[in-house]
Amino acid sequence: MLAHQRQQKILDQVTAQGAVKVADLGTALSVSDMTIRRDVNELVARGLVERVHGGVTLPRSASVFEPGFSAKSELDRDAKADIAKAAARFVRPGTSIGISGGTTTHALAQELLDIPDITVVTNSLPVAEVFHTGGRTDQTVLLTGGQRTPSYALVGPLTVSALQSIHLDMLFLGTHGVDIESGLTCPNLMEAQTNQALVASSRRVIVLADHTKWGVRALANTIPLSRVDVFVTDAGLDPGVQDALSEVVDDVVIAGGPVDTNEERVLDDRA
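Residues numbered from 1 in each chain as written. Predicted model: local features only at pLDDT ≥ 70, side-chain atom pairs only at ≥ 80, totals over all residues. Heavy atoms only, no water.

## Things to note about a nonpolar patch on the surface
Together, Leu 125, Leu 143 and Tyr 152 make up an exposed nonpolar region whose accessible area comes to about 230 Å². Here Tyr 152 lies in the loop between β7 (147–148) and β8 (154–155). (Patch = residues over 30% accessible without salt bridge, like charges linked within 9 Å, V, L, I, M, F, W, Y side chains within 5 Å. Areas by Shrake-Rupley, 256 points an atom, 1.4 Å probe, with all protein chains shown as cover. Salt bridge = Lys/Arg side-chain N within 4 Å of Asp/Glu carboxyl O. Helix = DSSP H or I, 4+ residues; strand = E, 2+ residues; numbered from the N terminus.)

So this is what it looks like as structure tokens:
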């Protein structure tokens, strides 16, 4: 097991239990105390956990905390619905699209059920279920394998391997947090790597993020904002932040506003 995988497992246990004994971590991961202490020291240095006598706890402000899918689905539902509707206008029949895990991307999937002849690649169990339950017979849905996160996204080496031979017209990418300096971030190291593989497989990257994601900086960097082609958000985003975002991303769409749906804008020139 690689160091970043051990560290993610340590963070998962600390997040779930609040506090974990160092000795128990060594037993659970079948590694020496020296290895565990080295991993813990690195996490402490990065401010992700705190050391207490004989154990590890979460800091007061934890960048690795990830609520479950059901809990996140109840947050900012109107904004997510508006963003999903605006993002759906980019999809045309006959295109191949990627959809990452997340509750806003889940809302997008429900907006795409009537679009014919699309191919959807997703690592999200809820997104795949939306198409399985309500989609058309001329839609093709490919679900990656991998390890499930609290958001019901499939991540890890199996997922990355499956994505390396795929080429997508566009990717709809959710995020846990975003800011100018760090770009997109998420609390799961393997999910960040999986999202990076989705980005690498896609001609065009469309980010879906409501205003509450702004200023949130989670554990792992996903991609810088300079790699984003379109950023779809809602009107709750501060106007000053909208201006700053527009300096980095060419196309910022505020949900509810006009969207240019010309095919030349949606897809790169194939010539």
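## Digging into the nonpolar core
One recurring pattern in soluble globular proteins: nonpolar side chains tend to sit buried together. Leu 108, Leu 112, Phe 131, Phe 172 and Ile 206 are the most contacted members of the largest nonpolar core, which has 28 residues in total. Sorting the residues of this core by element identifies α5 (77–88), β4 (96–99), α6 (103–111), α7 (125–134), β9 (170–174), β12 (205–208) and β14 (230–233) as the ones contributing at least two each. Beyond its immediate chain neighbours, meaning those up to four positions away, Phe 131 contacts Ile 99, Ala 109, Leu 112, Leu 113, Ile 118, Val 120, Gln 139 and Val 141. Listed in part, the 22 residues of the second largest apolar core include Leu 168, Val 205, Phe 231 and Leu 237. (Core = buried A, V, L, I, M, F, W, Y, C linked by side-chain atoms within 4.5 Å. Buried < 20%, exposed > 50% of the residue type's maximum accessible area, 1.4 Å probe, protein only. Contact = heavy atoms within 4.5 Å.)

## Concerning the pairing of β4
Residue alternation in β4 divides its side chains into two sets, Ser 96 and Gly 98 and Ile 97 and Ile 99, and both sets are buried. As paired elements, β4 and strand β5 (residues 119–122) share four bridges and run parallel to each other. When the bridges of β5 are listed, Ile 99 appears paired with Thr 122. With α6 bridging β4 and its parallel neighbour β5, the resulting β-α-β unit is right-handed. (Pairing = 2+ DSSP bridges. Right-handed = clockwise from strand over helix to strand, strands pointing away.)

## Some points on the environment of Gly 26
Residue placement: Gly 26 occurs in helix α2 (residues 22–29). Distance from Gly 26 to Ile 36, taken between C-alpha atoms, is 5.9 Å for residues 10 residues apart in sequence.

This is a description of form; function is not addressed.
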